[in-house]
Amino acid sequence: MASQTAVPARSGAALGRIGMFWRSTIGKKVVMAVTGLIMVGFVIVHMIGNLQVFVGPAKINAYSHFLHHTIGELLWVARIVLLVSVVLHIVGAYQLTKLDRAARPVGYARKEAQAATPASRTMRWGGVALLLFIVFHILHLTTGTIQPVPYTEGDVYANLVGGFQIWWVTLIYVLAMVALGLHIFHGGWSSVRTLGLSQPKPDPLKRPLAQLIAVILWIGFTCVPVAIFFGFGRGR
Amino acid sequence: MKLNSRIPDGPIEQKWEKHQFDMKLVNPANKRKFTVLVVGSGLAGASAAASLAELGYDVKCFCFQDSPRRAHSIAAQGGINAAKNYQNDGDSVWRLFYDTVKGGDFRSREANVYRLAQLSVNIIDQCVAQGVPFAREYGGLLANRSFGGAQVSRTFYARGQTGQQLLLGAYQALERQVGLGRLRMYPRTEMLDLVLIDGRARGIVTRDLVTGAVTSHAGDAVILATGGYGNVFYLSTNAKGSNCTAIWRAYKRGAAFANPCYTQIHPTCIPQSGEHPSKLTLMSESLRNDGRVWVPKQQGDRRPPDQIPEGERDYYLERMYPSFGNLSPRDIASRAAKRVCDEGRGVGPGGLGVYLDFADAIRRLGEDVIRERYGNLFEMYERITNENPYKVPMRIYPAVHYTMGGLWVDYNLMSTIPGLHVGGEANFSDHGANRLGASALMQGLADGYFVLPYTIGDYLGANKLAPVDVSHPAFRDAERQVAERTKRLLSIDGKRTVDSFHRELGKMMWDHCGMARNEAGLKFALQRIPEIREEFWRNVNVPGSDTELNQALEKAGRVADFLELAELICTDALHRRESCGGHFREESQTAEGEALRDDEHFAYVAAWEYTGEGSAPVLNKEPLDFENVHLAQRSYK
Amino acid sequence: MNLTLHVWRQAGPAKEGRFVTYQARDISEDMSFLETMDAVNEMLIQQGEQPVAFDHDCREGICGSCSMMINGVAHGPQRGTATCQLFMRHFRDGDEIWVEPWRARAFPVIKDLVVDRGALDRIVAAGGFITANTGGARDANGILVAKTAADEAMDAAACIGCGACVAACPNGSASLFTAAKISHLGLLPQGQPERDRRVLSMVAQMDEEHFGGCTWHGECQEACPKEISIDVIARMNRDYMSAAWSVREEKGSSAE
Ligand SMILES: Cc1cc2nc3c(=O)[nH]c(=O)nc-3n(C[C@H](O)[C@H](O)[C@H](O)COP(=O)(O)OP(=O)(O)OC[C@H]3O[C@@H](n4cnc5c(N)ncnc54)[C@H](O)[C@@H]3O)c2cc1C
Ligand code: HEM
Ligand code: HEM
Ligand code: SF4
Ligand code: F3S
Ligand code: FES
């Protein structure tokens with residue numbers, strides 16, 4: 001075997017702290033975890049907001065009004081934070097996926113998963129699905145570009161009730177929420193470990209908290225379109 | 001051949017210190033001008049290579065595994081001795097020295113053993129500094145256990161993986177030097193010959209096991225740390241790759257081979273089941289601290305152990321050796337096991353086994369304590385035998401484990417070839433005719449960390465060495481011979497596989513040169529071995545070519561050397577008509593069947609000298625005189 | 001029992017590989033998997049064919065040489081067991097068994113089931129050590145190490161460097177191997193002075209060798225013959241973040 005001589009490790013100092021951090025697989029993953037958790041935080045708040053639809057038109061429209069006018073600039077701050085998060089998250093996801101794929105050019109004829117879950121294995125496509133959903137979703141309910149029913153600026157309630165009369169709109173949302181649930185079932189657990197915040201456990205693969213959050217989000221989000229589709233809020 | 005052991009004069013306590021002062025030093029600026037070739041990356045090789053590179057020498061290190069970390073030292077389980085007396089139980093350098101000389105049945109060199117005992121203390125310090133995770137007490141101090149018949153607790157351990165942790169320490173030090181560019185590591189590279197120029201060791205010829213390329217490496221000094229040759233018995237506790245090739249080729253270049261017949265049979269191994277085993281697995285001796293060894297009193301008692309009442313059990317070690325009992329030294333315990341099995345009282349398939357019973361210990365200490373102490377060993381046992389040792393007593397039987405013999409070296413660990421140094425199990429070592437448990441790791445690291453770095457410097461400083469490079473005809477010549485030998489092995493194209501020859505040789509050695517030896521058996525073996533060798537060179541089948549990874553070819557070369565070494569082992573065993581330590585001659589035993597030494601005629605090191613193909617090796621004697629311990633018949637009763 | 005083995009045969013690094021099917025007859029259940037491979041090889045040699053090349057040495061589950069992907073599982077079906085310690089009683093008469101080499105860009109195949117794992121050595125060379133030249137160490141009991149710390153360090157230090165974690169990881173990541181060494185040394189007082197440099201250099205080298213990143217599939221932990229927990233990876237990440245934070249004081253941190 002050819003003599004084993006030193007392979008000088010890539011010098012981090014030359015790149016500066018940030019550059020070195022981002023170049024490393026761990027650095028990228030940490031960025032994904034942070035941005036991912038920011039988005040988790042957002043969807044939790046967002047879900048709570050959505051559930052107000054069951055209280056009635058006034059409540060949820062007031063909430064929307066509060067978001068859009070009362071807090072004003074703050075909304076934009078939030079939007080920018082989210083946008084940056086999504087972008088970093090996606091760039092990280094893309095680059096890591098490329099590295100990981102390149103690490104095994106020749107695959108196995110047989111490979112039996114011992115611990116990997118459907119969630120862990122669908123993070124990438126699930127992520128892409130979420131991206132498509134988010135785009136669709138904003139065009140649908142924020143900008144009203146996609147108008148299955150005439151879109152009324154400011155009347156969130158009407159837009160929702162109108163939108164979810166249509167079977168395929170509802171279907172898209174329902175499927176997207178499955179993707180979201182899976183993504184968080186894995187991501188909610190793994191991000192904590194990526195950030196090294198987890199304490200050693202006898203069975204580190206167990207993830208009660210992430211499971212709970214994922215289920216709550218899935219139900220909390222899904223119930224709105226489904227309820228409306230099956231008649232809630234009609235005839236007003 | 002003149003054997004000069006170069007033992008420094010002066011009182012034994014001061015020999016090493018004085019010698020260190022007398023040794024020549026190499027000017028730091030000149031160190032990197034010297035190339036040292038280290039063959040072997042086990043405890044001895046890795047520690048020597050790392051230490052020499054740290055000092056500034058230009059070092060090349062070789063091993064046949066794909067990584068230096070896989071050297072066979074990795075398999076050592078039980079622990080490493082050191083005269084730290086941390087337990088305040090009366091241990092001391094002197095006691096470790098005495099125990100080792102006595103344990104070796106008074107066939108080792110006093111001065112070397114004393115130095116070993118002195119250095120044992122530094123080894124632990126060095127290893128802890130490197131981050132070896134030795135077992136600890138709750139207070140944070142190091143824990144110790146008593147091991148292999150020692151009556152003081154001087155053994156340091158890291159679970160059942162002491163050898164692994166010590167080797168990783170040395171390996172990491174070695175890799176650090178690789179990273180710094182001061183040391184070149186050549187894994188998957190096998191040394192196939194030693195090159196002498198003007199009577200000095202000036203290089204080696206290697207084969208790249210991946211490409212088959214035969215290459216020469218020139219140097220100013222060569223260190224062989226290539227381990228033991230227990231695999232001459234085919235079945236042993238050694239790794240499959242362990243071999244004698246490096247030291248055997250050195251022997252044929254003029255290095256004397258000392259005490260080849262001193263082989264250690266370890267009492268606590270998993271008995272072989274049927275014909276298929278490819279190796280035997282050791283169950284750490286530490287098990288004997290809590291396990292009780294017994295067999296049924298009456299012959300051919302086939303009842304399951306739990307149905308044999310207390311009264312019908314023979315705890316023979318406790319019976320025969322009341323003061324040491326289950327902890328009697330290895331050679332004693334092994335022979336006792338053989339004896340009861342020969343009487344037809346052995347247990348398990350083929351009646352080749354004795355019980356190692358933990359029932360009492362579990363009753364006394366509780367299963368948890370036992371699991372804490374031996375958990376991983378019990379798992380290994382169950383994995384292999386499919387029996388649960390917490391419920392059923394273990395079955396154990398002796399197996400070849402260690403070779404005390406090896407290349408003869410002087411006090412500087414230099415062989416009879418100037419410039420050729422030998423460390424670790426490969427040299428004839430400080431263990432005399434029998435090694436105490438947990439002393440080989442100690443010796444390997446003492447040689448590598450604390451002896452060779454000094455004595456190599458002394459050799460390089462004291463001698464004016466003419467520069468040589470691999471263009472020298474001596475290298476060309478050696479390369480040619482290596483290539484020819486390889487071609488020959490590949491061209492035979494016979495009917496039998498290498499393994500079948502190895503098995504046959506191993507059985508021959510085990511039956512006639514194993515735990516008990518006698519004149520008739522040895523003579524028979526000496527007549528058969530050349531026949532087997534002759535058939536090997538006529539009828540072996542080695543497929544493949546020499547320009548690729550060819551494991552059959554690697555094996556063939558090693559077995560070919562074993563076939564020659566085996567003859568020397570038997571020759572030595574035959575000439576030593578006394579019993580001592582691991583060498584038991586049935587002709588020489590006491591009334592109770594214990595080993596009987598003959599100090600008058602055999603208190604010497606037998607150093608055999610190669611005299612060419614087909615001509616008998618010449619015996620050279622290094623007399624052993626004992627000024628500090630008085631010779632006594634070993635008794636563990 | 002009789003078994004059908006589909007074994008990956010590849011003459012050399014640059015050569016095309018393929019599966020070849022062999023029949024292993026009357027295999028005893030007390031045989032180890034490697035002994036079964038020995039039997040196949042004896043048969044092949046008798047037939048004048050080339051035996052299957054595979055790495056092995058100690059056959060005690062400690063040297064880390066053996067490395068086979070058996071039926072899609074690194075080191076085969078039994079948990080916490082290296083290939084050499086896998087016994088045939090875990091298979092049934094008539095079973096079909098697929099045997100492949102470790103597969104990763106960082107582990108190029110040399111021949112048949114033999115791969116080059118030198119990358120793991122280079123990760124250690126980059127920083128997997130405590131700088132302590134021979135001699136000059138102080139008395140061993142001068143350094144106190146809490147039993148718990150020593151035990152935890154030992155758990156991580158048990159790694160045998162077999163590379164099964166890489167082989168099993170869907171991303172071909174060496175995170176478990178690298179993190180195990182970082183944990184072993186980082187948990188001990190002796191390892192503190194170099195803690196930052198160590199993690200930065202080793203991770204940089206790990207990336208340099210083209211191993212993938214960790215996305216927490218947990219396959220490595222299941223494949224590891226020493227059952228090393230993925231908790232060590234979390235610890236590595238934590239160390240990496242704090243080290244990266246203090247990198248400026250560490251001029252040329254990850255370069256030797
Ligand atoms: C199962 C087992 C358990 C043991 N337990 C203990 C214990 O608890 N305590 C104790 O003190 N001792 C123990 N021993 C003994 C001890 O482990 C060994 O004697 C010691 O480790 C030998 O170390 P070494 O460096 O001399 O050789 P090894 O560690 O065997 O290293 C040999 C090196 O030489 C290389 N090599 C060999 N031939 C060639 C060649 N031709 N070309 C190139 N390279 C070559 C190999 O690659 C390897 O790197 C045990 C031994 C065994 C087998
Ligand atoms: C059934 C599920 C969901 C429903 C009913 C829903 C509903 C809505 C509504 C009504 C708005 C407009 C609010 C307003 O304009 O005041 C909105 C905005 C938005 N939603 Fe959702 N949403 C759902 C799921 C999601 C999910 C899963 C995500 C993210 C992954 C998401 C991300 C957003 C974003 C980014 C906005 C734009 C906020 C802004 O900048 O104004 N939504 N959603
Ligand atoms: C916008 C499109 C998205 C893409 C392309 C995407 C993709 C990915 C990918 C590839 C991973 C890494 C997979 C892995 O670690 O196994 C990941 C992790 C993660 N994602 Fe997303 N994701 C997206 C959106 C989201 C959203 C909306 C959330 C939260 C609501 C989220 C939360 C997370 C979290 C928490 C992780 C775990 C990070 C870690 O393990 O350290 N992602 N995502
Ligand atoms: S971590 Fe486990 S699987 Fe990975 S190399 Fe070490 S021992 Fe093998
Ligand atoms: S399987 Fe791979 S993804 Fe991480 S947890 Fe283990 S390294
Ligand atoms: S052969 Fe050593 S670990 Fe399997």
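Residues numbered from 1 in each chain as written. Chains lettered and ligands numbered in written order. Predicted model: local features only at pLDDT ≥ 70, side-chain atom pairs only at ≥ 80, totals over all residues. Heavy atoms only, no water.

Topic: the overall build of chain C
In step 1: Secondary structure summary: chain C contains 8 helices and 7 strands in total.
In step 2: By its C-alpha atoms, chain C is 65 × 40 × 35 Å across when sized along the principal axes.
In step 3: A separation threshold of at least 6 residues defines the contact pool for chain C, and within that pool the share at least 24 residues apart is 68%.
In step 4: For chain C, the accessible surface area stands at approximately 7900 Å², while carbon and sulfur atoms represent 49% of it. (Helix = DSSP H or I, 4+ residues; strand = E, 2+ residues; numbered from the N terminus. Contact = heavy atoms within 4.5 Å. Areas by Shrake-Rupley, 256 points an atom, 1.4 Å probe, with all protein chains shown as cover.)

Details of the site of ligand 1
In step 1: Around ligand 1, 39 residues are found, and the nearest of them are Gln65, His72, Ser73, Met191 and Glu425 of chain B.
In step 2: Surrounding ligand 1 are residues belonging to chains B and C, so the site spans chains.
In step 3: Interatomic distance of 3.4 Å between a backbone N/O atom of Gln77 of chain B and a nitrogen atom of ligand 1.
In step 4: One of the backbone N or O atoms of Met191 of chain B is found 2.8 Å from a nitrogen atom in ligand 1.
In step 5: About the coverage of ligand 1: the protein hides 98% of its 1000 Å² of free accessible area. (Near = heavy atom within 4 Å. Polar contact = N/O pair within 3.5 Å; in protein donor to acceptor, adjacent residues only side chain to side chain.)

Some thoughts on the interface of chain C and chain B
In step 1: The interface of chain C with chain B comprises 74 residues on the first partner and 77 residues on the second.
In step 2: A salt bridge links Asp55 of chain C to Arg188 of chain B; the nearest nitrogen and oxygen atoms lie 2.8 Å apart.
In step 3: Run the count over chain C and chain B and you get 48 residue pairs in polar contact (both at pLDDT 80 or more).
In step 4: Looking at the side of chain C that touches chain B, the elements with two or more residues in it are helix 1 (33–46), strand 6 (109–111), strand 7 (114–115), helix 2 (118–125), helix 3 (147–157) and helix 5 (175–186) of chain C.
In step 5: For the side of chain C that touches chain B, the element with the highest residue contribution is helix 3 of chain C, accounting for 7 residues.
In step 6: Class assignment for the residues of the side of chain C that touches chain B results in 35 nonpolar, 19 polar and 20 charged. (Salt bridge = Lys/Arg side-chain N within 4 Å of Asp/Glu carboxyl O. Nonpolar A, V, L, I, M, F, W, Y, C, P; charged D, E, K, R; others polar.)

Quick look at the packing of aromatic side chains
Residues and elements named next belong to chain B.
In step 1: On inspection of all chains with the given rule, the structure shows 35 aromatic pairs over all chains.
In step 2: Seen from their ring centres, Phe106 and Phe626 are 6.1 Å apart, and the 80° between their planes marks the pair as edge-to-face. Residue Phe106 is found in the loop between helix 4 (93–103) and helix 5 (110–130), and its partner Phe626 is found in the segment after strand 19 (618–623); the two are separated by 520 residues along the sequence.
In step 3: Owing to a relative accessible area of 1%, Phe106 belongs among the buried residues under this scheme.
In step 4: Given the relative accessible area of 15%, Phe626 is considered buried.
In step 5: For the ring pair Phe501 and Phe536, a centre distance of 5.3 Å and an interplane angle of 80° mean the geometry is edge-to-face. Linking Phe501 in helix 14 (residues 498–513) with Phe536 in helix 15 (residues 519–539), this pair joins segments that are 35 residues apart in sequence.
In step 6: Judged by relative accessible area, Phe536 falls into the buried class, the value being 0%.
In step 7: The rings of Tyr229, Trp248, Tyr251, Phe257 and Tyr610 are connected pair by pair, giving a single aromatic cluster. (Phe/Tyr/Trp six-rings, centres within 6.5 Å; stacked < 30°, edge-to-face > 60°. Buried < 20%, exposed > 50% of the residue type's maximum accessible area, 1.4 Å probe, protein only.)

Some details on helix 12 (residues 440–462) of chain B
In step 1: At Val451 of chain B, helix 12 of chain B shows its strongest bend, of approximately 50°, with the proline Pro453 of chain B following within four residues.
In step 2: Most of helix 12 of chain B is tucked away, with 20 of its 23 residues classed as buried. (Bend = angle between axes of the 7 residues up to and from the residue.)

What about the coordination of the iron atom of ligand 2?
All names here are of chain A.
In step 1: With distances of 2.0 to 2.1 Å, the protein atoms coordinating the iron atom of ligand 2 are His46 (NE2) and His137 (NE2).
In step 2: Taken together, the 6 donor atoms coordinating the iron atom of ligand 2 and their angles of 83 to 178° define a geometry best described as octahedral. In this pair, His46 sits in helix 2 (residues 25–51) while His137 sits in helix 6 (residues 123–142), placing the two residues 91 residues apart along the sequence. (Donors = N, O, S within 2.8 Å, 3.2 Å for Na, K, Ca; no water. Tetrahedral: all angles 85-135°; square planar, octahedral: opposite > 155°, others 65-115°.)

Some thoughts on the site of ligand 3
In step 1: Around ligand 3 there are 25 residues in total, and Lys29, His89, His183, Ser190 and Thr194 of chain A lie nearest to it.
In step 2: Contacts to ligand 3 include His89 of chain A, whose side-chain N or O atom sits 2.7 Å from a nitrogen atom.
In step 3: Thr215 of chain C places a polar main-chain atom, nitrogen or oxygen, 3.4 Å from an oxygen atom of ligand 3.
In step 4: Looking at which element gives the most residues to the shell around ligand 3, the answer is helix 8 (residues 167–194) of chain A, with 8 residues.
In step 5: Across the shell around ligand 3, the residue classes break down as 13 nonpolar, 10 polar and 2 charged.

A word on helix 6 of chain A
All names here are of chain A.
In step 1: With 20 residues, helix 6 should reach 28 Å at 1.5 Å per residue; the first-to-last C-alpha distance of 26 Å fits that figure.
In step 2: Taken together, the buried positions of helix 6 are occupied by Met123, Gly126, Leu130, Phe133, Phe136, His137, His140 and Leu141. Looking straight down helix 6, one finds its buried side chains confined to an arc of 150°; they lie on one side. Residues of helix 6 that are exposed and angled more than 90 degrees away from the buried face: Trp125 and Leu132.
In step 3: Those residues of helix 6 that are buried lie in contact with helix 2, helix 5 (118–121), helix 7 (156–163) and helix 8.
In step 4: Following helix 6 by one or two positions, Gly144 adopts a phi angle in the positive range, close to 70°. (Expected span 1.5 Å × (residues − 1). Arc of directions from axis to C-beta.)

A few points about unusual backbone geometry
In step 1: Although it is not a glycine, Asp198 of chain B adopts a positive phi angle of roughly 50°.
In step 2: Within the secondary structure layout, Asp198 of chain B lies in the loop between strand 6 (189–197) and strand 7 (200–208).
In step 3: Residue class for Asp198 of chain B comes out exposed when judged on its relative accessible area of 72%.
In step 4: Despite not being glycine, Glu227 of chain C has its phi angle at roughly 50°, a positive value.

What to know about the coordination of the iron atom of ligand 3
Residues and elements named next belong to chain A.
In step 1: For the iron atom of ligand 3, the full set of protein donor atoms is His89 (NE2) and His183 (NE2), and the range of their distances to it is 2.1 Å.
In step 2: Viewed at the metal, the 6 donor atoms of the iron atom of ligand 3 are separated by angles of 85 to 179°, and the geometry they form is octahedral. Placement of the pair is His89 in helix 4 (residues 73–102) and His183 in helix 8, with a sequence separation of 94 residues.
In step 3: Residue classification places His89 among the buried residues on the basis of a relative accessible area of 15%.
In step 4: Here His183 falls in the buried class, since its relative accessible area comes to 18%.

Points about the environment of Asn376 of chain B
All names here are of chain B.
In step 1: Position of Asn376 among the secondary structure elements: in helix 11 (residues 367–385).
In step 2: Asn376 sits 216 residues away from Gly160 along the chain, and the two C-alpha atoms are 7.0 Å apart.
In step 3: When residues no more than four places from it in sequence are discounted, the contact partners of Asn376 are Arg159, Gly160 and Gln161.

Structural notes on the sheet that holds strand 5 (residues 183–186) of chain B
Residue and element names in this part refer to chain B.
In step 1: Spatially, 5-2-1-9-17 is the arrangement adopted by the 5 strands of the open sheet, whose pairing is parallel. The sheet is open, and its two borders are formed by strand 5 and strand 17 (420–422), each paired with just one other strand. Taking the axes of each pair of neighbouring strands and ignoring which way they run, one obtains an average angle of 20° across the sheet.
In step 2: With 4 bridges joining them, strand 1 (residues 35–39) and strand 9 (residues 221–224) adopt parallel strand pairing. Residue pairing across strands places Val38 opposite Ile223, the latter belonging to strand 9. (Pairing = 2+ DSSP bridges. Axes fitted to C-alpha atoms, helices over the stretch in contact; angles between N-to-C directions.)

Overview of the side chain of Asn539 of chain B
In step 1: With respect to the helices, strands and loops of the structure, Asn539 of chain B is situated in helix 15.
In step 2: Those residues in contact with Asn539 of chain B, other than ones at most four positions away along the chain, are Ile492, Gly494, Lys495, Arg496 and Phe501 of chain B.

As for the sheet that holds strand 3 (residues 69–70) of chain C
Residue and element names in this part refer to chain C.
In step 1: The 5 strands are arranged 2-1-5-3-4 in an open sheet whose pairing can be described as mixed. Looking along the sheet, the strands with just one partner apiece sit at the ends: strand 2 (17–24) and strand 4 (73–74).
In step 2: Bridging between strand 1 (residues 3–10) and strand 5 (residues 96–100) involves 4 bridges; their strand directions are parallel. Within strand 5, the position partnered with Thr4 by the bridge is Glu96.
In step 3: Most of the contacts of helix 1 go to strand 2, to which it runs at about 95°, and overall it touches strand 1, strand 2, strand 3 and strand 5.

Focus on empty space enclosed by the protein
In step 1: Scanning the model with the defined rule gives 19 cavities of 30 Å³ or more in all.
In step 2: Empty space within the second largest cavity amounts to approximately 680 Å³.
In step 3: Lining the second largest cavity are 44 residues, and of these Gln551, Glu554, Lys555 and Arg558 of chain B together with His56 of chain C lie nearest its centre.
In step 4: Elements with a minimum of two residues in the lining of the second largest cavity: helix 14 and helix 16 (551–575) of chain B together with helix 1 of chain C.
In step 5: Per-element tally for the lining of the second largest cavity: the top contributor is helix 16 of chain B, with 7 residues.
In step 6: Here the lining of the second largest cavity is built from residues that sort into 13 nonpolar, 16 polar and 15 charged. (1 Å grid on protein atoms, 1.4 Å probe; cavity = no way out; pocket = protein on both sides within 12 Å on 5 of 7 lines; lining within 4 Å. Points joined across faces, edges and corners; volume = space filled by probe spheres on them.)

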